[in-house]
Amino acid sequence: MSELGVLLLQRLRRDRIQLVAWLLGFAALAAVGHSAVTSQYGDPNQRAEVIRVLEQTPSVLVLRGTPQGTQIDAFQFMLLFAFLSVLVGLMATFLAVRHTRGDEEAGRAELVESTPAGRVVPLLATAVEGVIAVVVMSLVGSIGYILTGANTGEALLAGAALASVGVAFLGVGLLCAQVMATSRGANGLAAALVAAAYLVRGIGDATGTIDAGDGLHVTPGWTSWLSPIGWGQRTSPFSDPTGWPALLGAALGLLCAGAALAVRSVRDIDASIVPERPGRTSAGVTLRGPIGLVWRELRGATIGWLIAAALFGLLVGSLSEALNANADSGLKDTLGGTVGQIAGPDVHGDLVDLFIVAMFAIIGAIAAVNVAQAIIRARQDEAGGSAEIVLSTPVTRLRWILAYLVVGCASVVAVLAVAALSALAGATAAGAPWSAAGTIMAASVAQLPAVLVMMAVVTLIFALVPRLTVGLGWGALLLAILIGQFGGLFGLPDGVREISPFSHTPVVIGPHVDWSAAWVMLGVAVVIGGASVLLLRRRDLALGG
C-alpha cells in the first residue's frame, strides 16, 4: 500500500469516534429541523405567512437565509442550510488543523516526515480524509431531503451545495494551520473565518431584494457573493436549481489547499507565517496561582463565547417584539407551538415570553459548551504533562481542579449575564413592554442549574475515565442538549426528555414560577462535583491518550 493509503487509513482510524460523533450529531440536528418544519409548517399558507414576516424582519434573515418560495423543501433549505453549513465548516477546519499543526505540536509530524512520506503526503492524506467526511455528511443531508419526499436530483444538489462549503473550509483550515504557530491559534482563526462567512452571508440576505411577482422569493445582496455559505445558498436547489455556484466553494478549497502545500513544502517544522510572540521574562501577578493560570488558558475561548452571547442576546431582545408586531394571530399560534417545544415540555403562554424562554434555552446550551471546555482543558493539561509540572509545586490536586471549576462557574455566570443585558438592550430599543425585562432576567437565571449539572457530569467523567473525557464529555453534553432542548421537536416522550437536566429548567412564564427543580439541580451539581473532586484526589495522573 502506498504512503498516502497508509496515512489515510491511520487518520480514519484515529478519528473514527470523532467522525461518528459529528455524523450522528449532524444527522440528529438535520432530523430535528426536518421534523419541525413538516409538523409545524405543513400548510403552504402558513409558510407563506412566515415568509412575509421574515421579509419584514431582516434581522431574522441574518440567522436563517433567503426565502425561496413556499414549497416544503425550499422552506426547509431556507431555515436549515446556513446553520448546517456552519457545522460542516467547523468540522472540516478542526479536522484539518488536528492532523497538521496539531501533529506538529505533538511531535508526530516530525516522525512521519522522516519516512518516505515526506512533507506533502501527510497533508494530502488529511485533505482526502476531510473530503470523504464532508461528502458523507452531505449525503446524509441529501438522504434526509429524499426521505421527506424531495426530488432526488434537487436533494443531491442541496447536498453538493453543503459539500462545497465543507471543501472550501477544509482548504481554509489547512492554510490556517500553516499561518498560525499553534493549533489553538489555527483553530481560532479558522472558526473566526467560518463565523465571518456566516455573518457576511447574513448581511447579504438581510439586504436582499424581494421578488416583485409573488413576494415570496428574495434575491440576496451582493455581499453574499463574498461567502462560501452564500455560494452554496445561491444554488437554490428546490426553487431554481443552479449548480455552478457550488463549484466556487470547491475552487476555493483547492486554491487554499494548494497554497498550504506550497508553504508546507518550504517551511521548517514548527515554523509558521505568523510567528509566535515571545513571552514575558517573568510571570505577572495573575499567574501566581492556579486560578490565574487556568484563566490565562481559557480567556480566549471565554471572550469568544461572551461576544457570541452578547450578539445573540441583542438579537433575541430585538426580535421578541418584532415577531409579536408582524405576525397575525394564526401565525402566532403556530410559532408559539414551535418555540414552546424548545422552551420545555407542556409549556404554553404568550408568544413573546415563549420566544424569550426558548432562545435563552439555546443560550444555556452555549454556556454549557463553554463550561465543558474548561473541564476538557483540564484533561488536555493532564494528558500533555503540564498538570504534572503544576502539581510538582506546592499546588495541591484540590486547588488544581478547583481552579478549573471556579473559572468554569464564573464564565457561565458571565455568559448568561452578558446575554441577559444584551437582550434587555435589544428589547428596550425595539419598544418591548417592561414585562419582557422580567422574563429575560428570570430566563437567564433559570439556565444556571442545568449548566452546572452538566459541568459536574463532565467532571465526573474526567475523574472516572480520564482518557475518554473528550469523547464522552462532548457526547453527554450533546445528548443532553438534543433531548432536553429539541426532544419536543423529535416527538420524544416526556419520560425520555426528563433524562436531560435541561428539561427540568424552571419555566419562567406566568405570575407563579416553581423554582424547586432549580434548587434540586443545584444540590445534584454540588454532590456530583464534590464526589468528582474526591475521586480526582485519589487517582493517579493519566498522561497521554
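Just so it is clear, the model here is predicted, and its values are computed rather than measured.

Engineer: Whenever I open this one, the overall build of the protein confuses me. Can you help?
Structural biologist: The helix and strand tally for the protein stands at 22 helices and 2 strands. Against the compact-globule benchmark of 24 Å for 545 residues, the protein has a radius of gyration of 24 Å, which places it among compact chains. When the backbone C-alpha atoms are referred to their principal axes, the protein occupies close to 65 × 55 × 40 Å. Buried residues in the protein amount to 51% of all 545 residues. Contacts in the protein between residues at least 24 apart in sequence constitute 78% of all its contacts with a sequence separation of at least 6. As presented, the protein carries roughly 23,500 Å² of accessible surface, and 68% of it is formed by carbon and sulfur atoms.

Engineer: Is there a simple way to think about helix H1 (residues 3–14) in this case?
Structural biologist: For an α-helix, 3.6 residues make a turn, and residues three or four places apart therefore share a direction. With 12 residues, H1 ought to run about 16 Å at 1.5 Å a step, and its terminal C-alpha atoms sit 16 Å apart, in line with that. Along H1, the positions that sit buried rather than exposed are Gly5, Leu7, Leu8 and Arg11. Take H1 and look down its axis: the buried residues cluster within an arc of 170 degrees, on one side only. Contacts made by the buried residues of H1 are with helix H6 (101–106), helix H7 (108–113) and helix H8 (120–147).

Engineer: Quick question: what am I supposed to make of the side chain of Gln447 here?
Structural biologist: Tracing the backbone shows Gln447 in the loop between helix H18 (434–446) and helix H19 (448–464). Of note is the side chain of Gln447, whose polar atom sits 3.2 Å from the backbone oxygen of Ala443. For Gln447, the contacting residues outside a window of four places in its chain are Phe360, Ala361, Gly364, Leu416 and Thr505.

Engineer: Explanation requested: the environment of Val86 in the structure shown.
Structural biologist: With respect to the helices and strands, the residue Val86 is situated in helix H5 (residues 72–98). Here Val86 falls in the buried class, since its relative accessible area comes to 18%. For the pair Val86 and Leu306, spaced 220 residues apart in sequence, the C-alpha separation works out to 19 Å. Val86 has contacts with Val194, Tyr198 and Ile229, leaving out every residue within four places of it along the chain.

Engineer: Hey, could you run me through the packing of helix H17 (residues 397–430) against H19 in this one?
Structural biologist: In a pair of packed helices, the angle between the axes and the distance between the axes together describe the arrangement. In contact at an axis separation of 11 Å, H17 and H19 are set at 155 degrees when each is read in the N-to-C sense. Here H17 lies roughly antiparallel to H19, going by the angle between them. At the point where H17 passes H19, the crossing takes the right-handed sense. Taking contact as the criterion, the partners of Trp400, Ile401, Leu405, Gly408, Cys409, Val412, Val413 and Leu416 in H17 are, on H19, Leu448, Val451, Leu452, Met455, Thr459 and Phe462. Taken together, the residues that form the contact of H17 with H19 break down as 12 nonpolar, 2 polar and no charged.

Engineer: Would you mind showing me how to read the packing of aromatic side chains here?
Structural biologist: For any two aromatic rings, the description comes down to two numbers: the centre-to-centre distance and the angle of the planes. By the definition in use, this model includes 6 aromatic pairs. Counting every residue linked through ring pairs, the aromatic cluster contains Phe77, Phe81, Tyr145 and Phe238. The aromatic ring of Tyr198 is capped on one face by Arg201, whose charged end is 4.7 Å from the ring centroid. One residue, Arg539, lies across the ring of Phe462, its end atom 5.0 Å from the ring centre.

Engineer: Just checking my understanding: could you explain a nonpolar patch on the surface for this structure?
Structural biologist: Where nonpolar side chains cluster on the molecular surface, the patch consists of Leu4, Val120, Leu124, Val128, Ile132 and Val136 and spans about 380 Å² of accessible area. For the nonpolar patch, the element with the most residues is H8, which contributes 5 residues. Residue position: Val128 is located in helix H8. Judged by its relative accessible area of 34%, Val128 is partly exposed.

Engineer: Please clarify how helix H22 (residues 516–538) should be interpreted in this entry.
Structural biologist: Across its 23 residues, H22 extends 34 Å between first and last C-alpha, which sits within 8% of the 33 Å expected from 1.5 Å per residue. What H22 keeps buried is the set Ala518, Met521, Ala525, Gly529, Ser532, Val533 and Leu536. On its buried face, H22 sits against H17 and H19.

Engineer: Would you take a moment to explain the nonpolar core for this structure?
Structural biologist: Formed by 65 residues in total, the largest nonpolar core has its most connected members in Ile356, Phe360, Trp400, Ile440, Val451, Phe462 and Phe502. Counting only elements with at least two residues in this core, the list comes to helix H13 (290–326), helix H15 (351–384), helix H16 (386–391), H17, H18, H19, helix H20 (469–490) and H22. Among the elements that take part in this core, H15 stands out by supplying 17 residues, more than any other. Excluding its chain neighbours within four sequence positions, the residues that come into contact with Phe360 are Ala419, Ala420, Ala423, Ile440, Ala443, Ser444 and Gln447. Counting 57 residues, the second largest nonpolar core, distinct from the first, contains Ala48, Phe81, Val86 and Ile229.

Engineer: In this structure, what is going on with the pattern of salt bridges? I would like to understand it.
Structural biologist: When the charged atoms of two side chains with opposite charge come close together, those side chains can pair. Under the defined criterion, the tally for this structure stands at 12 salt bridges. A salt bridge links Arg377 to Glu297, with the shortest nitrogen-to-oxygen separation between them at 3.5 Å. Here the residue Arg377 occupies a position in helix H15, and Glu297 occupies one in helix H13, the gap between them amounting to 80 residues. Neither Arg377 nor Glu297 differs from the other in exposure class; each is buried.

Engineer: Would you mind showing me how to read unusual backbone geometry here?
Structural biologist: The general pattern is negative phi for most residues beyond glycine and trans for most peptide bonds. Despite not being glycine, Ser236 shows a phi value in the positive range, around 40 degrees. Topologically, Ser236 is positioned in the loop between helix H11 (228–233) and helix H12 (244–264).

Engineer: Quick question: what am I supposed to make of the packing of helix H9 (residues 152–179) against helix H10 (residues 183–206) here?
Structural biologist: For the pair H9 and H10, the least separation of the axes is 8 Å and the interaxial angle reads 140 degrees. Considering how the two elements wind past one another, H9 and H10 form a crossing that is right-handed. Each of Phe169, Val172, Cys176, Ala177 and Val179 in H9 lies in contact with H10, whose residues at this interface are Ala186, Leu189, Ala190, Leu193, Val194 and Ala197. For the contact of H9 with H10, a count of residues per class yields 11 nonpolar, no polar and no charged.

Engineer: Help me understand a positive patch on the surface in this model?
Structural biologist: Residues Arg277, Arg280, Arg296 and Arg299 make up a contiguous surface patch of positive charge. Following the sequence through the fold, Arg296 ends up in helix H13. Given the relative accessible area of 43%, Arg296 is considered partly exposed.

Engineer: Just to check I follow, could you spell out the environment of Trp231 for this structure?
Structural biologist: Relative to the helices and strands, Trp231 resides in helix H11. Residues Trp231 and Trp244, 13 residues apart in the sequence, show an inter-C-alpha distance of 9.0 Å. Not counting residues within four places of it along the chain, the set of residues in contact with Trp231 comprises Ser224, Trp225, Leu226, Pro245, Leu248, Gly249 and Leu252. Here Trp225 takes part through its backbone oxygen, which lies 2.6 Å from a polar atom of the side chain of Trp231.

Engineer: What exactly am I supposed to notice about the side chain of Thr66 here?
Structural biologist: Checked against the element boundaries, Thr66 lands in the loop between helix H4 (58–63) and H5. Residue class for Thr66 comes out buried when judged on its relative accessible area of 2%. Among the polar contacts made by the side chain of Thr66, one reaches the side chain of Gln233 at a distance of 3.5 Å. Filtering out sequence-adjacent residues up to four positions away, Thr66 remains in contact with Met78, Asp205, Val218, Pro220 and Gln233.

Rules behind the numbers
- Residues numbered from 1 in each chain as written.
- Predicted model: local features only at pLDDT ≥ 70, side-chain atom pairs only at ≥ 80, totals over all residues.
- Heavy atoms only, no water.
- Helix = DSSP H or I, 4+ residues; strand = E, 2+ residues; numbered from the N terminus.
- Rg over C-alpha atoms; globule rule 2.2 N^0.38 Å.
- Buried < 20%, exposed > 50% of the residue type's maximum accessible area, 1.4 Å probe, protein only.
- Contact = heavy atoms within 4.5 Å.
- Areas by Shrake-Rupley, 256 points an atom, 1.4 Å probe, with all protein chains shown as cover.
- Expected span 1.5 Å × (residues − 1).
- Arc of directions from axis to C-beta.
- Polar contact = N/O pair within 3.5 Å; in protein donor to acceptor, adjacent residues only side chain to side chain.
- Axes fitted to C-alpha atoms, helices over the stretch in contact; angles between N-to-C directions.
- Parallel < 35°, antiparallel > 145°, perpendicular 65-115°, else oblique.
- Left-handed = near helix turned anticlockwise from the far one by under 90°.
- Nonpolar A, V, L, I, M, F, W, Y, C, P; charged D, E, K, R; others polar.
- Phe/Tyr/Trp six-rings, centres within 6.5 Å; stacked < 30°, edge-to-face > 60°.
- Lys NZ or Arg CZ within 6 Å of the ring centre and 35° of its normal.
- Patch = residues over 30% accessible without salt bridge, like charges linked within 9 Å, V, L, I, M, F, W, Y side chains within 5 Å.
- Salt bridge = Lys/Arg side-chain N within 4 Å of Asp/Glu carboxyl O.
- Core = buried A, V, L, I, M, F, W, Y, C linked by side-chain atoms within 4.5 Å.
- Lys, Arg positive; Asp, Glu negative; His and termini not counted.
- Charge placed at Lys NZ, Arg CZ, Asp CG, Glu CD.

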